[in-house]
Amino acid sequence: MPVIKHQEYIKAPIEVCFDLARNVDIHTVTTSHTKEKAVGGVTSGLMENGDSVTWEAVHLGVKQRLTARIIEMDRPYRFVDVMVKGAFHSFRHTHTFVMKDKGTVMTDHFDYKSPFGVIGKLADRLFLEKYMTDFLVRRAKALKEIAENDSKIDKEQWVE
């Protein structure tokens, strides 16, 4: 089971980073390169513990749907979402936030299992793990830019 871990230092308060990371509208902004949009469950605003969302996006040239549910939340320090339905066999995505040096360290810890047994493991080695790493890093950097750049988006409209 591949594990992807990425840390991003953000010069913004922990509450801002936490709320931006669980905001459906911000998610669509930070994943625009995959044409990701919420099509079911919570389709706008902040997700809470127990909420689910169905995303539609184009990954690896294929239009796909994936439903994820938040199963744990400790605002503003941690939340966990898991795949309920989608292309993976399973995944668990833990988002943690730690205050550091007048900012926040945001950590993505993404454990996933590919479908199709041996073929899925081969796909991980050939391209999928790199693709997912790039996807998570790109999203983290986009969240950082939004949190740090007041002129990009008015953060007050996106957080509690």
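Just above sits the structure.
Residues numbered from 1 in each chain as written. Predicted model: local features only at pLDDT ≥ 70, side-chain atom pairs only at ≥ 80, totals over all residues. Heavy atoms only, no water.

Asks: Tell me what's going on with the sheet that holds strand S3 (residues 52-59), and back it up with residues and numbers.
Replies: If you trace the seven strands from one edge of the open sheet to the other, you get S1-S7-S6-S5-S4-S3-S2, paired in antiparallel fashion. With one partner strand each, in any of the chains shown, strand S1 (3-10) and strand S2 (37-41) form the two edges of the open sheet. The sheet shows a mean angle of 25° between the axes of neighbouring strands, direction not considered. As defined by bridge partners, S1 adjoins strand S7 (residues 103-113) across eight bridges and the pair is classed as antiparallel. Following the sheet pairing, Lys5 is matched in S7 by His109. Each of S1, strand S4 (62-74), strand S5 (78-85), strand S6 (90-100) and S7 is contacted by helix H1 (residues 14-21), which is oriented at about 160° to S6, the strand it contacts most. Helix H3 (residues 117-148) contacts S1, S3, S6 and S7 of the sheet and is inclined by roughly 20° relative to S1. (Pairing = 2+ DSSP bridges. Helix = DSSP H or I, 4+ residues; strand = E, 2+ residues; numbered from the N terminus. Axes fitted to C-alpha atoms, helices over the stretch in contact; angles between N-to-C directions. Contact = heavy atoms within 4.5 Å.)

Asks: How would you sum up the pattern of salt bridges? Please name residues and give values.
Replies: By the definition in use, this model includes eleven salt bridges. Linking Arg78 and Glu72 is a salt bridge whose minimum nitrogen-to-oxygen distance equals 2.4 Å. Taking the relative accessible area as the measure of exposure, Arg78 reaches 30% and is therefore partly exposed. Where Asp134 meets Lys130, a salt bridge forms, and the shortest distance between an N and an O atom there is 2.7 Å. A residue pair is termed a helical-turn pair when its members lie 3 or 4 positions apart in one helix, as Asp134 and Lys130 do in helix H3 at four residues. One network of salt bridges, with partners in common, ties together Asp19, Arg22, Glu48 and Arg75. (Salt bridge = Lys/Arg side-chain N within 4 Å of Asp/Glu carboxyl O. Buried < 20%, exposed > 50% of the residue type's maximum accessible area, 1.4 Å probe, protein only.)

Asks: Please provide a residue-by-residue account of unusual backbone geometry, values included.
Replies: Excluding glycine, a negative phi dihedral is what most residues carry, and trans is how most peptide bonds are arranged. Here the bond from Arg75 into Pro76 is cis, since omega is 5°, no more than 30 degrees from zero. The residue Pro76 is located in the loop between S4 and S5 in this model. One non-glycine residue with positive phi stands out, namely Leu60, at about 55°. Here Leu60 shows up in the loop between S3 and S4. Residue Lys102 is not a glycine yet carries a positive backbone phi of 60°. Relative to the helices and strands, Lys102 resides in the loop between S6 and S7.

Without other data, these values stay purely geometric and don't point to any function.
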